[in-house]
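# A closer look at the structure
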Amino acid sequence: MSSSERDDDARSSFGQGLRLGVPYALVGALLSLSFAVLARQAGFSIAQAVVTSVIVFAGSAQFAMLSVIVGGGGIAAALTASGLMNSRFLAMGIALAPSLPGGPLKRGAQGQAVVDSSWALANRGDGTFDRWLLFGTTVPQYVTWTLGSVLGAVFGGALGDTDRLGLDAIYPTFFLALLIAELRDRTSRGVALGGGLLALALVPVAPPGVPILAASAVALVGLARRPA
């Protein structure tokens, strides 16, 4: 394949990713707005709420961190909780790494674009990933995540109690949709189902983040046993 053909393929995949990312971006805007409102109520300044979203860009980790802080926990406990919530990215990164060109630093930089939906959508189903589709899917999500955080931090006081809006139902629905997508792939069906059921069983009895960590461990085992 010539250089121009590769460039055309990259542009096509990136554009497709942009389109696929829009629905997730709209959901992300609501979640980041909710986080910013709660962060302001917890004592964050406008700048702190926005910068946290811009740098972390991981909703479940941000909410876990915030819940610890609101509950009176220290920085170490908050960072531990957010780290546990993001542990799933270890398995996702290991699976993605062979599809990223360059050395460790370049691949690490490209890996910063991974979010749950972009990883799932870029998965070709044969153990490889379309990196340009992944990048394109993440771009609108990052833009609306930042925009939602700004709106929530600046104007969120007018919303009052965000629980009455039902925003707490968005995350379970979002991750369930991703799980259903993985169940369609025969090679990952068992791992996805096993990890999902284990996480569900642990939610009532384990501290926040532990169910995700256990599900990630199942994914790592499944990845190790994947046929070459």
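Residues numbered from 1 in each chain as written. Predicted model: local features only at pLDDT ≥ 70, side-chain atom pairs only at ≥ 80, totals over all residues. Heavy atoms only, no water.

### Considering a nonpolar patch on the surface
Nonpolar side chains collect at one region of the surface, where Ile 46, Leu 147, Val 150, Leu 151, Val 154 and Phe 155 lie side by side and expose about 500 Å² of accessible area between them. The leading source of residues in the nonpolar patch is helix α8 (residues 131-155), at five residues. Within the element layout of this structure, Ile 46 appears in helix α2 (residues 46-56). Assessed through its relative accessible area of 36%, Ile 46 is described here as partly exposed. (Patch = residues over 30% accessible without salt bridge, like charges linked within 9 Å, V, L, I, M, F, W, Y side chains within 5 Å. Areas by Shrake-Rupley, 256 points an atom, 1.4 Å probe, with all protein chains shown as cover. Salt bridge = Lys/Arg side-chain N within 4 Å of Asp/Glu carboxyl O. Helix = DSSP H or I, 4+ residues; strand = E, 2+ residues; numbered from the N terminus. Buried < 20%, exposed > 50% of the residue type's maximum accessible area, 1.4 Å probe, protein only.)

### Side note on the packing of α2 against α8
How two helices sit against one another is set out by the angle between their axes and by the gap between those axes. α8 packs onto α2 with a crossing angle of 165° between their chain directions and a minimal axis gap of 9 Å. By the angle between their directions, the pair α2 and α8 is classed as roughly antiparallel. Viewed along their axes, α2 and α8 form a crossing whose handedness is right-handed. Listed contacts from α8 to Ile 46, Ala 49, Val 50, Ser 53 and Val 54 of α2 are Tyr 142, Trp 145, Thr 146, Ser 149, Val 150, Ala 153 and Val 154. (Axes fitted to C-alpha atoms, helices over the stretch in contact; angles between N-to-C directions. Parallel < 35°, antiparallel > 145°, perpendicular 65-115°, else oblique. Left-handed = near helix turned anticlockwise from the far one by under 90°. Contact = heavy atoms within 4.5 Å.)

### Considerations on the packing of helix α3 (residues 59-70) against helix α4 (residues 75-85)
α4 packs onto α3 with a crossing angle of 155° between their chain directions and a minimal axis gap of 8 Å. Classified by the angle their axes make, α3 and α4 are roughly antiparallel. For the pair α3 and α4, the sense of crossing is right-handed. The segment α3 lies against α4, with Ser 60, Ala 61, Ala 64, Met 65, Val 68 and Ile 69 engaging Ala 77, Ala 78, Ala 81, Ser 82 and Met 85. Of the residues contributing to the contact of α3 with α4, the split by class is nine nonpolar, two polar and no charged. (Nonpolar A, V, L, I, M, F, W, Y, C, P; charged D, E, K, R; others polar.)

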